[in-house]
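Listed below, chain by chain, are the residues.
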Amino acid sequence: MTDKAKVDELFNTIYSEYYHLIFKYCLSRLKCNKDYADDCVQDTFMTLYNKMIEGEIINSPRAFLYNVATNYIKKYYNRIKSENENLTDFEYAQNVLYSDEDIVEKINFNEFEFKLNTILTKEEKELYTLRFSEEQRVKDIALRFNISEKYCSLKITRLKRKIISSLKDYY
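Below is a short write-up of the structure. Quick caveat: nothing in here was measured; it's all calculated off a predicted structure.

### Focus on the nonpolar core
- Among the nonpolar cores identified, the biggest contains 24 residues, and Ile22, Cys26, Leu30, Phe45, Leu48, Met52 and Leu65 are the most heavily contacted of them.
- Secondary-structure elements contributing two or more residues to this core are helix 1 (3–29), helix 2 (34–53) and helix 3 (61–83).
- No other element matches the eight residues that helix 1 contributes to this core.
- In contact with Leu65, other than residues within four places in its own chain, are Ile14, Tyr18, Ile22, Thr44, Phe45 and Leu48.
- Counting residues in hydrophobic clusters, the runner-up holds 14 residues, among them Leu127, Ala142, Cys152 and Leu159.

### What to know about the pattern of salt bridges
- A full pass over the atoms with the stated rule returns seven salt bridges.
- For Glu126, the salt bridge is made with Arg144, and the minimal N-O distance between the two is 3.2 Å. Of the two residues, Glu126 is situated in helix 7 (residues 122–133) and Arg144 in helix 8 (residues 138–145); the sequence distance between them amounts to 18 residues.
- In this structure Glu126 comes out as partly exposed when scored by relative accessible area, which is 31%.
- Overall, Arg144 belongs to the exposed group, its relative accessible area being 51%.
- For Asp140, the salt bridge identified is with Arg137, shortest N-O distance 3.2 Å.
- On the basis of relative accessibility, which here comes to 30%, the residue Asp140 falls in the partly exposed class.

Conventions used here
Residues numbered from 1 in each chain as written. Predicted model: local features only at pLDDT ≥ 70, side-chain atom pairs only at ≥ 80, totals over all residues. Heavy atoms only, no water. Core = buried A, V, L, I, M, F, W, Y, C linked by side-chain atoms within 4.5 Å. Buried < 20%, exposed > 50% of the residue type's maximum accessible area, 1.4 Å probe, protein only. Helix = DSSP H or I, 4+ residues; strand = E, 2+ residues; numbered from the N terminus. Contact = heavy atoms within 4.5 Å. Salt bridge = Lys/Arg side-chain N within 4 Å of Asp/Glu carboxyl O.

What follows is the structure in C-alpha cells.
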C-alpha cells in the first residue's frame, strides 16, 4: 500500500468517526446556519487532510479538528464583524445573528428576552450584560464584583448552564 493510500484510509476512518461531532459543533457555534457550518466542516477536514498528506502526524485527531474548527468559526465572525462595522447593535443582531430564517422561526426574540429576565437575579443580569453584551474580560468583571477571577469564571459558567437549561425550549 502506498503512503497516499495509507493516508486516505486513515483520513476516511477519522472522517467517519468525527464528522458528525464537528458538524454539530460548528452548527451550534454558527447560530444554526447550515451553509456556514458545512463550509467550516469542509475547511476543517481539508486542513486535516493536507497536514496528513504533508506527513504531519496528528496524535489527537479529535482535539486537532476542534481547534481547527474553532479557528474557522473565529475567522467567519471576524469577517462578518468587519463587513458590518457601521451597523448599530440592533441592526447587527437582526442582520447577522438572526439572519437565518430557521432560527428566526424558532426564536421569538421578545419572548426569549422576557424569559431571560424572569429567570435571572439582578446580579446575574448584571453579570450577563457585562460578559456577553459588553464583552468585558473576566478579570475586569471580577474586580467590579470584588471576587477572584476563578470564582468569576465559575459564576459565568453556572450562569450559562442556568440559561441553557431554562431556555432549552427555544433551541
